[in-house]
Amino acid sequence: MSISHHPKPQNAHDRLLDAASALFYDDGITATGIDAIVKRAGVAKKSLYNNFVSKGELVASYLVVRHAQWLALYEERLRQAKTPQDKVMAVFLAYEDHAEYAYEGGFRGCGLLNAAAELPAGDAGRTVVRRHKEQVEALLAEHVSSMLGDDPKRAGHIAQHLAFLLEGAMARAGLEGRSDCLRQARGIAASLLAAL
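Identification of the chain as TetR family transcriptional regulator from Halovibrio variabilis is taken from an unreviewed UniProt entry.

Visitor: Tell me what's going on with the environment of Ala60, and back it up with residues and numbers.
Guide: Relative to the elements of secondary structure, Ala60 occurs in helix H4 (residues 55-80). Separated by 67 residues in sequence, Ala60 and Thr127 have C-alpha atoms that sit 9.4 Å apart.

Visitor: Describe the nonpolar core, naming the residues involved and giving the relevant values.
Guide: Core analysis: the largest hydrophobic core is formed by 58 residues, its most contacted members being Ile37, Leu63, Trp70, Leu140 and Leu162. Among the secondary structure elements, those contributing two or more residues to this core are helix H1 (12-27), helix H2 (34-41), H4, helix H5 (84-100), helix H6 (111-118), helix H7 (124-148), helix H8 (152-176) and helix H9 (180-194). Ranked by residues supplied to this core, first place goes to H8 with nine residues. When residues are assigned to domains, this core turns out to be shared by domain 1 (11-52) and domain 2 (58-195), each giving three or more. Not counting the four nearest positions on each side in its chain, Leu140 is found in contact with Val88, Val91, Phe92, Ala159, Leu162 and Ala163.

Visitor: Break down the UniProt feature "DNA-binding region" (unreviewed entry) in the chain for me, citing the residues and quoting the values.
Guide: Mapped onto the present numbering, the UniProt feature "DNA-binding region" (unreviewed entry) falls at residues 33-52. Annotated as residues 33-52, this span is 75% helix and 0% strand, and its ends, taken at the C-alpha atoms, are 14 Å apart.

Visitor: Please provide a residue-by-residue account of the confidence of the model for the chain, values included.
Guide: Per-residue confidence for the chain averages 92 on the pLDDT scale, and 95% of its residues sit at or above 70. The element-level mean pLDDT for the chain is lowest in helix H3 (residues 45-51), coming to 92, with H2 highest at 96.

Visitor: Run through the domain arrangement of the chain, naming residues and quoting values.
Guide: Each assigned domain of the chain is listed here: domain 1 (11-52) and domain 2 (58-195). Distance from the C-alpha centre of domain 1 to the C-alpha centre of domain 2: 27 Å. Where domain 1 abuts domain 2, roughly 1400 Å² becomes buried across the two surfaces, and 64% of that area is made up of carbon and sulfur atoms. Among the residues of domain 1 in contact with domain 2, Tyr25, Asp26 and Ile29 are the three that bury the most area, contributing 51% of the side total. Taken together, domain 1 and domain 2 are joined by one salt bridge. Between Arg40 and Glu104 there is a salt bridge; the shortest N-O distance is 2.3 Å. For the interface between domain 1 and domain 2, the tally reads six residue pairs in polar contact (both at pLDDT 80 or more). At the level of elements, H1 and H2 are the ones that each hand at least two residues to the side of domain 1 that touches domain 2. Take the side of domain 1 that touches domain 2: its biggest share by element is eight residues, from H1.

Calculation rules
Residues numbered from 1 in each chain as written. Predicted model: local features only at pLDDT ≥ 70, side-chain atom pairs only at ≥ 80, totals over all residues. Heavy atoms only, no water. Helix = DSSP H or I, 4+ residues; strand = E, 2+ residues; numbered from the N terminus. Core = buried A, V, L, I, M, F, W, Y, C linked by side-chain atoms within 4.5 Å. Buried < 20%, exposed > 50% of the residue type's maximum accessible area, 1.4 Å probe, protein only. Domains from an automatic or database assignment. Contact = heavy atoms within 4.5 Å. UniProt positions renumbered as here; feature names shortened; annotations may be inferred. pLDDT = per-residue confidence, 0-100. Buried area = accessible area lost by both parts, 1.4 Å probe. Salt bridge = Lys/Arg side-chain N within 4 Å of Asp/Glu carboxyl O. Polar contact = N/O pair within 3.5 Å; in protein donor to acceptor, adjacent residues only side chain to side chain.

As structure tokens, then:
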């Protein structure tokens, strides 16, 4: 599985977003200046402001792209899933796929959470990250609900446990720079589901 970046971005908007995405993930948002982004994108600084009102708008666009990339990985895994349990595992596998992507500077964990840690409270980017995490938990709840029948409260409770398991594993995987913790979390999740 691979994260689909723009194959060979032709327009300035896509080149800027592609450059910013790589730099924000590898170096962090605060450490990445506008000059580094326009240099990597091979465009004039004026192009950045013609395409994005501010660095903040570029950051928000980056976060939307990160979410879309994960969602594409999840949907690809979901197409292969046959049972509700497989569908829960598709969520975990999509995170593994994200971790296995060949990042230039190596895997550093969840790009969305990394970004949120740098953004001030109330920043629009933090809202994008929160919505992503809420959507992941909602997907888990939907699939767990399919296993349990008509018990949405219990499904929501189990989905929250699975989401916390997934987030903890993602944080550890980011610290360790590899996806082993995510595979272990998937195994733990499978055992929890088998016991339902």
